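Observations on the three-dimensional arrangement
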Amino acid sequence: MRKIASYLIITQLCLLISTVSFTNPIQIKISGSLSPAIKTNIQNTIQALEQQTNSPQYISPNNLANMIKKNIITATSPFGYFNPSITVSHDYHNFTCKIKLNTPVTLQSINIKIKGAGQHDKVFSRYLHHLPIKIGDRFSSQKYQEVKDTLYSIAANRGYFKTKMINNNIQINRSSNEANINITLITGKRYKFGITTFSKNMLAKHFIHQFISYKIGDNYNNKLIQETTLNLNNSGYFQQAIITPDISKTKNDRLPVHIYLIPVPKTQYKFGLGYGTDTGIRLTTNITNNYINQYGHKLKFTGQISQINQSLSSTYTIPSRHPLSHYYTITGALSKITLNKNKSDAMKLTLGSTHLYHYWQTIFSINALKENYSLTSFSTKANLFYPQLHIQY
C-alpha cells in the first residue's frame, strides 16, 4: 500500500509540474523584423492570451506556446505571410516570441469579370485598368477587400442596385507561396432617374428644377445627386437639402427621387456697430426678404448711419433661367455726406447683370446718377448716365 501511495504522490507532482496556474498575467514579448502594421496586428491578436490568468483554468505552458504560434500566424496571414518561423521560449509567465516572416505569398493571377449591363460601363473599365493590386504583389487582405468594396461602390453610385458578387474567392498555395484572386460581379440592369418630388416650400417647382443637374430618363449617377445637393445648398434659398432616391418605388427601371428642403428664414436681419477715425461711430443694418414670390425674387435693404455719412440702398434680385450663374439686379441708393461745411447728396439707379463662371464674376451695369455738391466756395449739380463693367476673379 505504501508503494502505491508513493506512486500516486509522484504522479500528482508530475501533473502539477506539467501544468501551471498563472496567478499573474502572462507577458508576451515579440521580436523580429516586423513592420509597424504587422506588429500591431500581432499584439492585438494575442492580447486575449495575455489575459489568460483571468480564468481559473490550468493550462500547459507548451499548449499556450502553441496557441501563441497559431495566433501569430493568424495575424501575419492578412499581410501575405502564411509560413512564418516562430520560436517561443518561456520562463513561468514570461513568453518571448522570435518571428521570421519568411517568403510572402504573391499574386499569380487576378481574374475579375463584370457581367450584366455594367460590363461596358467606362467607370468599371477604368477601375479594372488601374487596380490597386497587380500580379507579383504581395498578397494583402486589406487591398483585396478594398477591391471588392470599390466594385460595390461603383455599382451603387452608377445605379446598378441589384449587383451581386457570385464568385469571390482566393486560392492560396502555401507550398509555392502563390495566390489567385477570382471575382465575378453581376451588375444587373442600370436604373434611370424618375420623377423628382419636393417637400413643401415657398418656391415654384419649375424654379427649383433649375438647380437639378439631372432630368427624367438620365442614367442614375450619384455624382449628379451630389451636384444637385451642392446647387440647392448654395442657392441662398435653403439651409439644407436632403436628397433620397426611393428604390422601393421603382417602376420600369425609373427611380423616383424625393428632395427634403429646409428653407432659410423668409426675412433675415443683420445689424452692425463699428467705429472709424474718419466716420466716428457707425451703425449698419441689412434686411433681406428671401422670398418675394415663388420665382425666387429677393429684396435687400442696406442702411448706414454715421456722423458724416448716411446712406440707404435697396437691391431687387431677379434670377435668370440659370440662377446659380446668372441673375439681374435693380439697385436704388440714396446717400448724404457732411464733412465740416461740405455736403453731398446723391441718388443712384443701377440696372445690372451678373454672370458667374467658375471663379470669375462679371458684372455689367447701366447707371443713372444725380448728385448735388455744396462746398465752401461753390455749389454744383451733376447728372450722369454711364455703363460700367466689373470683372473679378
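In case you missed it, the structure is sitting above this.
Every value quoted in this text rests on a predicted model; they were computed, and no experiment measured them.

Topic: the packing of aromatic side chains
- What the rule picks out here adds up to 13 aromatic pairs.
- Aromatic pair Phe124 and Tyr160: ring centres 5.9 Å apart, planes at 45 degrees, arrangement tilted. Of this pair, Phe124 sits in helix α4 (residues 122–129) while Tyr160 sits in the loop between α5 (141–157) and β5 (164–173), and the two are 36 residues apart along the sequence.
- Residue Tyr160 is classed as buried on the basis of its relative accessible area, which comes to 4%.

Details of the layout of surface pockets
- In this model, the largest pocket occupies a volume close to 680 Å³.
- Considering the residues around the largest pocket, the lining is formed by 27 residues, among which Thr317, Tyr327, Thr329, Thr354 and Gln361 are closest to the centre.
- Secondary-structure elements contributing two or more residues to the lining of the largest pocket are β12 (298–306), β13 (309–319), β14 (326–339), β15 (342–357), β16 (360–374) and β17 (379–392).
- Here the lining of the largest pocket gets four residues from one element, more than from any other, and that element is β15.
- The residue makeup of the lining of the largest pocket, split by class, is ten nonpolar, 15 polar and two charged.

So, helix α3 (residues 61–76)
- With 16 residues, α3 extends 23 Å between its outermost C-alpha atoms, agreeing within 8% with the 22 Å of an ideal straight helix rising 1.5 Å per residue.
- Looking at α3, one finds that the buried residues are Pro61, Leu64, Ala65, Ile68, Ile72, Ala75 and Thr76. One face of α3 carries all of its buried residues, which in axial projection span an arc of 110 degrees. Across α3 from its buried face, at more than 90 degrees, point the exposed residues Asn62, Lys70 and Thr74.

Reading the values: the criteria
Sequence order as written defines residue numbering, which begins from 1 separately in each chain. In view of the model being predicted, local features appear only for residues whose pLDDT reaches at least 70, and side-chain atom pairs are presented and counted only at 80 or more, with totals across whole chains, interfaces and linings using the full set of residues. Derived side-chain values reflect all non-hydrogen atoms in the structure, with water molecules and hydrogen atoms excluded from consideration. Any two rings among Phe, Tyr and Trp, with Trp reduced to its six-membered ring, count as a pair given centres within 6.5 Å; such a pair is stacked if its planes are under 30 degrees apart, edge-to-face if over 60, and tilted if neither. Going along the chain from the N terminus, every DSSP run of H or I of four or more residues is numbered as a helix, and every run of E of two or more is numbered as a strand. For every residue, the accessible area obtained with a 1.4 Å probe (protein chains only) is divided by the maximum for its type, and the residue is called buried under 20%, exposed over 50%, and partly exposed between those limits. Residues are called lining when one of their atoms sits within 4 Å of a cavity or pocket point, these points coming from a 1 Å grid over the protein atoms alone, where a cavity is a set in which a 1.4 Å probe fits but cannot get out and a pocket is an open set with protein on both sides within 12 Å along at least five of seven lines. Grid points are joined across faces, edges and corners, and a volume is the space filled by probe spheres set on the points. Amino acids outside the nonpolar list (Ala, Val, Leu, Ile, Met, Phe, Trp, Tyr, Cys, Pro) and the charged list (Asp, Glu, Lys, Arg) are all regarded as polar, and Gly is one of them. Residue count minus one, scaled by 1.5 Å, sets the expected span of a helix. By arc we mean the arc of the directions from the helix axis to the C-beta atoms, nothing more.

Interpretation note: all reported values are geometric properties and have no functional meaning in isolation.
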